[in-house]
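Coordinate analysis (summary)
Residues per chain are reported as follows:
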Amino acid sequence: MPTPHQPSLIVRQKSPQNIEFPFASLSDWLIPTELFFVRNHFPSPDLDARDWRLRVGGAVERPIELDLDSIKAMRSTTFTAVVECAGNGRVYYVPPKEGLQWQNGAVGNAAWTGVLLREILEMAGVKRTAREVLLAGADSGVVDTNKKTASPGPIAFARSLPLEKAIADSTILAYSMNEEPLTRDHGYPLRAVVGGWFGMAWVKWITHITVVEQPFLGYWQARDYFRWERSLGEPRLVPLAEMEVKAQIARPVQGAHLIVGQPYRIFGAAWSGEAVIRQVQVCTGDGRGWREGRLLETERPFAWRLWEYMWTPEEVGRYILRCRAIDGAGCVQPDLQRSDCESYAANWIVPVEVSVVAEPQTYEEEFVI
Ligand SMILES: Nc1nc2c(c(=O)[nH]1)N[C@H]1C(S)=C(S)[C@@H](COP(=O)(O)O)O[C@H]1N2
Ligand SMILES: [Mo]
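Residues numbered from 1 in each chain as written. Chains lettered and ligands numbered in written order. Predicted model: local features only at pLDDT ≥ 70, side-chain atom pairs only at ≥ 80, totals over all residues. Heavy atoms only, no water.

**Considering the pattern of salt bridges**
Pairs may arise between side chains of opposite charge once their charged atoms sit close together. Applicable threshold: Whenever Lys or Arg places a side-chain nitrogen within 4 Å of a carboxyl oxygen from Asp or Glu, that contact is recorded as a salt bridge. Three exposure classes are used, based on accessible area relative to the maximum for each residue type with a 1.4 Å probe and protein chains only: buried under 20%, partly exposed in between, and exposed over 50%. The numbering of helices and of strands both runs from the N terminus, where a helix is a DSSP run of H or I of at least 4 residues and a strand a run of E of at least 2.
This structure, assessed with the given rule, holds 15 salt bridges. Notably, a salt bridge pairs D48 with R50, separated by 2.8 Å at the nearest N-O pair. Owing to a relative accessible area of 71%, R50 belongs among the exposed residues under this scheme. Measuring nitrogen to oxygen at the nearest pair gives 2.8 Å for the salt bridge that ties R318 to E353. Of this pair, R318 sits in strand β23 (residues 317–327) while E353 sits in strand β24 (residues 352–357); the two residues are 35 residues apart in sequence, bridging distant segments of the chain. Given the relative accessible area of 28%, E353 is considered partly exposed. Look at the salt bridges and you will find they share partners, linking R227, E229 and R236 into a network.

This is the structure we're talking about:
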């Protein structure tokens, strides 16, 4: 049960459970686990660590099987990383797109502890012919394709990583979130943490790791969570991977009333893919153009950055507030909706309209008898 002062989560789907973090309530750099968004394609499996095993096979020298204790006995790595569902912000697509209508809260930043996927792969000995590493979860079901194609039948949730990302320092198999064992919703007992990548790569409830010699083209890679990329004039289907540069305003919210002449703290978070956030700029629509927001906290690779901008509106009226992030690779958050990403990666600027009103009247004197 949430305590009374805790903001309530937004239920996007009851079964399987899909829950959005109320982004307007953002306050801390780390999102507490009980407020963290949940994205499930199938009912979350109830795994018992006593009979759970991680099996590593495919193009390896020696297939291995590990239990949770032996994974916890390995050298551990902890880092803070932001995970954004590729469908975050889908509700801003015009015209509307099918799928869960996430606003801006299918994103969160947490501390993750686990083992480097690289070290697990080294134990099994990856063959030289390896190209990708396929991670499969214990959850499965039948998908409602609704895309005029034949149903593939029951499938598990599975995604592959290119070998380079699988062996990077930013990819771990985590058993802990915010210094507690993973909860069932977030992938107990073991999930992938893939720093800089959209959430679909962060496979939960992992049971099987298969090293493959060909690009994997499974359902969650080619039927869902992909985008179009043109090469030599032809559109080519590319699985989604890195997150895109983005800043979001937590407060004020759409339709808020601010008071003229009073300083207001515009506040939010910003993140990107492999690159860090360099700048967040704010435009308050009062003719002063784009101005620098202040980045808070220290910079940590793969974590998000909180930011603020103090604004004192000088005149009563309606204002359109905008923010945009610029990352270390020079990518700037775009102004307009993109057309190459199905219903995903909605990172264009979402304006927040507010009303600036006169100081609330104090009627004290009028009521003096
Ligand atoms: N096994 C499994 N892993 C999964 C999913 C899933 O449905 N099944 N959803 C993915 C998606 S789309 C996202 S955005 C993240 C969300 O992680 P969270 O629920 O811990 O916030 O988990 C990913 N890992
Ligand atoms: Mo997602």
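On we go from here.
**Comments concerning helix α2 (residues 117–124)**
Inspection of α2 places L117, E119, I120, L121 and A124 among the buried residues, and these make up the whole buried set. Positive backbone phi, at 75°, marks G125, one or two positions downstream of α2.

**Focus: the site of ligand 1**
Which entries qualify depends on this criterion: Think of it this way: one heavy atom of a residue within 4 Å of a molecule or strand is enough to make that residue near it. Under this definition, polar contacts are N or O atom pairs within 3.5 Å; protein pairs additionally need one hydrogen-donor-capable and one acceptor-capable atom, and for neighbouring residues in sequence, both atoms have to be side-chain atoms. We get accessible surface area from the Shrake-Rupley algorithm with a probe of 1.4 Å; when it comes to residues, only the shown protein chains can shield them. Space inside and on the surface of the protein is sampled on a 1 Å grid over the protein atoms alone, with a cavity defined as a set of points where a 1.4 Å probe fits but cannot get out and a pocket as an open set with protein on both sides within 12 Å along at least 5 of 7 lines; lining residues have an atom within 4 Å of a point. Here the criterion for a molecule occupying a pocket or cavity is that more than half of its atoms lie within 2 Å of the pocket grid points.
Not every one of the 19 residues close to ligand 1 is listed here, only the nearest: F37, D139, H186, R191 and K204. Interatomic distance of 2.7 Å between a side-chain N/O atom of D139 and a nitrogen atom of ligand 1. For ligand 1, an oxygen atom lies 2.5 Å from a polar atom in the side chain of K204. About the coverage of ligand 1: the protein hides 100% of its 530 Å² of free accessible area. Of the pockets mapped on this structure, ligand 1 occupies the largest cavity. Residue assignment for the shell around ligand 1 shows that the elements contributing at least two residues are β3 (38–39) and β8 (132–141).

**A word on the sheet that holds strand β21 (residues 294–295)**
For the record, the criterion: When DSSP finds two or more bridges between two strands, those strands count as paired.
The strand order β16-β18-β22-β21 describes an open sheet built from four strands, whose pairing is antiparallel. Each end of this open sheet is capped by a strand with a single partner; those strands are β16 (246–251) and β21.

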